[in-house]
Structure formats: C-alpha cells, structure tokens
Amino acid sequence: MATDPLSLVFQALADPIRRAILTRLTTGDATVAELAEPFDVTQPAISRHLKVLETAGLISRTRRATARLSHLEAEPLREVTTWLARYQRFWDESHERLDELLAALQSKRQDDPDRTEAVTEKGNGHG
C-alpha cells in the first residue's frame, strides 16, 4: 500500500464515491448519515471511504455533540494540481506543435493547388 502523500491522494480519488463525498463537502461539513444519503451503500461502507479520505489528508473529522462531522481539507488537492500542471504544459506544447504542422500543411496545400487536385483525384479513384 502506498504511503507517500501524492499516492495516497490519488488512491483516495480513484473511487467515484470518495470523489462525490469530496464534492459534497465543498458545500460544508457533513455527518456520515448525510454523506451516505445519496448512495446505495451502508453507513459503515461510507465510514470506510471516509477513513481512506482522512488517511490521504483530504478530510478531517471532528465531534459536535453526538455527531461526527467530516470537513474538506483541500491542501492535498493543490499538490495534485501542481503535479498535474507539468503534464498540462506537455500537452499544451504538443498541441502547439500539431497546430504548427497543420498550418504548414495547409499553407503548402494553398501554395501548390495542382498537387491538391492530384491528391483529390487519386483519392476519388480518378487517376
């Protein structure tokens, strides 16, 4: 089982119920019963999901009277965003190179209309 913080967060985010719980917690603290309400799972199952989120540092849990409230701790998500940002730059640069290639091909096509017609005719079986 992973123990580094980033791996724990990704492991926690891998489950759609845990992601939905985090989304719900963006609107405020909630009890286990409130978090379990939209799902077709038991409260103990939700409690296990909450334990995973807590281990990853994505939530904290406190007591208010007899209720145990879960609270969103978003800082680990900032670390994930920072990690993912490197890949965003990679994809942006890849798309820029693709755009440049497409523009060059379109320019070449406009500069040589005879070649465009020959390619079109060949592609249509007229050649």
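Heads up: the structure comes first, above all this text.
Structural notes, computed from the coordinates. From a predicted model like this one, the values you see are computed outputs, not experimental measurements.

What to know about the packing of aromatic side chains
So, step 1. Taken as a whole, this structure holds 3 aromatic pairs when the rule is applied.
So, step 2. Ring geometry for phenylalanine 10 versus tryptophan 83: centroids 5.4 Å apart, planes at 70 degrees, classification edge-to-face. A residue pair is termed long-range when its members are at least 10 positions apart, and phenylalanine 10 in helix 1 (residues 5-13) and tryptophan 83 in helix 5 (residues 75-111) qualify at 73 residues.
So, step 3. Classification of phenylalanine 10 as partly exposed rests on a relative accessible area of 32%.
So, step 4. Plain terms: the ring middles of phenylalanine 90 and tryptophan 91 are 5.1 Å apart, the flat faces sit at 75 degrees to each other, and that makes the pair edge-to-face.
So, step 5. Tryptophan 91 gets classed as partly exposed once you look at its relative accessible area, which sits at 49%.
So, step 6. Cluster of aromatic residues (ring-pair linked, three or more members): Phe10, Trp83 and Tyr87.

Remarks on the pairing of strand 2 (residues 59-64)
Side chains on a regular strand alternate between the two faces of the sheet.
So, step 1. Alignment of strand 2 against strand 3 (residues 67-72), held across 6 bridges, turns out to be antiparallel. In the sheet register, threonine 62 faces strand 3, and the bridge partner there is leucine 69.
So, step 2. The antiparallel hairpin formed by strand 2 and strand 3 contains 2 residues in its connecting segment, where alanine 65 sits at a positive phi of about 60 degrees.

Things to note about the sheet that holds strand 1 (residues 30-31)
So, step 1. On the basis of which strands lie adjacent, the open sheet formed by 3 strands has the order 1-3-2 and antiparallel pairing. Here the strands that pair on one side only, and so sit at the sheet edges, are strand 1 and strand 2.
So, step 2. Across 2 bridges, the pairing between strand 1 and strand 3 is antiparallel. When the sheet's bridge partners are listed, alanine 30 is paired in strand 3 with serine 70.
So, step 3. Helix-sheet contacts for helix 2 (residues 16-25) involve strand 1, strand 2 and strand 3, and the interaxial angle to strand 3 is about 90 degrees.
So, step 4. Helix-sheet contacts for helix 4 (residues 43-55) involve strand 2 and strand 3, and the interaxial angle to strand 2 is about 120 degrees.

Parameters at a glance
- Residues numbered from 1 in each chain as written.
- Predicted model: local features only at pLDDT ≥ 70, side-chain atom pairs only at ≥ 80, totals over all residues.
- Heavy atoms only, no water.
- Phe/Tyr/Trp six-rings, centres within 6.5 Å; stacked < 30°, edge-to-face > 60°.
- Helix = DSSP H or I, 4+ residues; strand = E, 2+ residues; numbered from the N terminus.
- Buried < 20%, exposed > 50% of the residue type's maximum accessible area, 1.4 Å probe, protein only.
- Pairing = 2+ DSSP bridges.
- Contact = heavy atoms within 4.5 Å.
- Axes fitted to C-alpha atoms, helices over the stretch in contact; angles between N-to-C directions.

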